[in-house]
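# Residue-level structure breakdown
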Amino acid sequence: MLRRILLQKKIETLSLQFKNDLSEVRNSADLDLLKIKYLGMKGPVRELMKELRTVPEQERPLFGKSINDLKTELERSVETFEALLVNREQESQLNAETIDVTLPGRHRFPGRKHIITAALEEIIDILIGMGFTVEYGPDIDTDYYNFEALNFAPDHPARDMQDTFYISADYLLRTHTSNTQVRVMEKHEPPIRVIAPGKAYRNENVSARSHVFFHQIEGFYIDKNVTFSDLISTLDEFIKKLFKSDIKTRFRPSYFPFVEPGMEVDIWCLKCKGEGCPICKHTGWLEVCGAGMIHPEVLKNGGIDPEEYTGYAWGMGLERLIMLKYGIDDIRRFTENDLRFLRSFPGV
Ligand code: PHE
């Protein structure tokens, strides 16, 4: 009698314990553990079955049934819960995979040329179309080609350490692309009609208008009877082709040791339309180019007879031209690598 009550009690407690444990199950791994704990080979249900043997024979069927009922109850609960878990897992997987078709797409930007490269290519194309060929001079050069051969007096201020980056006593970073002039003259006989694009370096304070390095496009033409008006008309035509408009230019007398006469070319400021703004230092004009007739001494240094030949030369500042064309007010933008700036140029 006592045994019967005890066994019955055990069955009820087990059922309660199981329900309690089941309520803690969070996933299928928990459920597997629970299954082994209650229904496994060493689990309490098995133990109860073993205990059945100790029950008097006439009571066995009754207890056997109770134990079997418990077993079926536990197995059903596990099955039901298993199905529930599978549903839940599928649901959360579906949720995770949901595509929100209303989200904006991800924009991919393909690589593109830097505006300096693109503008340089455009300018080279225009000048090739006007009969020039391209030559390149070295960025690191000697005092001779950068200064001496270009008729700079030994005490000219541009030779001063303040403006020039010296690499050693003999070598410097070219301060202008004019270092190419005498090198080309040494190599070629006139007629020479050459452009020499590249970087130039100056030891200056970096500001909105000047940088320690920038680009120039040198151009020169040496032949019999080359005149100052050839220079003016060539520059005028080039600027009109580049700006694709009837933009105003201004030629001012100026001094460079390697030209005589020398001048500076200004372009009407497109940003303020001549009104005056920070780009043009409130003058309405922007200086973009130094130019002039090649000095006879320079021709001589290049092995060309100044009695027979004359020539013109110019040196254009590339950044200035781009700033003017696109209304950029700070030369530092070109080297900051701000993607918003780099991507802002149409069709480049
Ligand atoms: N090299 C000069 C400069 O850098 C420009 C220039 C080139 C002037 C050719 C005259 C002739 O300012």
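Here, the structure is the one placed above.
The following refers to the structure shown. (Residues numbered from 1 in each chain as written. Predicted model: local features only at pLDDT ≥ 70, side-chain atom pairs only at ≥ 80, totals over all residues. Heavy atoms only, no water.)

On to the overall build of the protein chain, then. From N to C terminus, the protein chain includes 12 helices and nine strands. What you see for the protein chain is a C-alpha radius of gyration of 44 Å, clearly larger than the 20 Å of a compact globule of 348 residues, by over 25%. When its C-alpha atoms are laid out on the principal axes, the protein chain stretches across 140 × 45 × 35 Å. Out of the 348 residues belonging to the protein chain, those deemed buried represent 40%. The contacts of the protein chain with a sequence gap of at least 6 include a subset with a gap of at least 24, amounting to 68%. In the form shown here, the protein chain has an accessible surface area of approximately 20,100 Å², with 53% of it arising from carbon and sulfur atoms. Distance between charge centres in the protein chain, computed from 46 positive and 53 negative side chains, equals 12 Å. (Helix = DSSP H or I, 4+ residues; strand = E, 2+ residues; numbered from the N terminus. Rg over C-alpha atoms; globule rule 2.2 N^0.38 Å. Buried < 20%, exposed > 50% of the residue type's maximum accessible area, 1.4 Å probe, protein only. Contact = heavy atoms within 4.5 Å. Areas by Shrake-Rupley, 256 points an atom, 1.4 Å probe, with all protein chains shown as cover. Lys, Arg positive; Asp, Glu negative; His and termini not counted. Charge placed at Lys NZ, Arg CZ, Asp CG, Glu CD.)

Per the counting criterion, the structure on display carries 22 salt bridges. Put simply, Lys 19 and Glu 73 hold a salt bridge, and the shortest N to O gap is 3.7 Å. In this pair, Lys 19 sits in helix H1 (residues 2-22) while Glu 73 sits in helix H4 (residues 60-96), placing the two residues 54 residues apart along the sequence. Of the residues examined, Glu 73 reaches a relative accessible area of 31% and is grouped as partly exposed. (Salt bridge = Lys/Arg side-chain N within 4 Å of Asp/Glu carboxyl O.)

Moving on, we come to unusual backbone geometry. The step from Pro 190 to Pro 191 runs through a cis peptide bond, and the omega angle for that step is 0°. Position of Pro 191 relative to the elements: it lies in the loop between helix H7 (179-187) and strand E4 (192-201). Here the residue pair Glu 260 and Pro 261 is connected by a cis peptide bond, since its omega of 0° sits within 30 degrees of zero. With respect to the helices and strands, the residue Pro 261 is situated in strand E7 (residues 259-268). Positive phi outside glycine occurs at His 282, with the angle close to 60°.

Turning to the site of the ligand, a few remarks are in order. If you check the shell around the ligand, you find 14 residues, and the closest are His 176, Ser 178, Arg 202, Gln 216 and Gly 315. Ser 178 is positioned such that a nitrogen or oxygen atom in its side chain is 2.9 Å from a nitrogen atom of the ligand. At 2.9 Å from an oxygen atom of the ligand is found a side-chain nitrogen or oxygen belonging to Gln 216. For the ligand, whose unbound accessible area comes to 330 Å², protein coverage reaches 91%. Residue assignment for the shell around the ligand shows that the elements contributing at least two residues are strand E5 (213-223), strand E8 (285-294) and strand E9 (310-317). Among the elements that line the shell around the ligand, the one with the most residues is E9, at three residues. (Near = heavy atom within 4 Å. Polar contact = N/O pair within 3.5 Å; in protein donor to acceptor, adjacent residues only side chain to side chain.)

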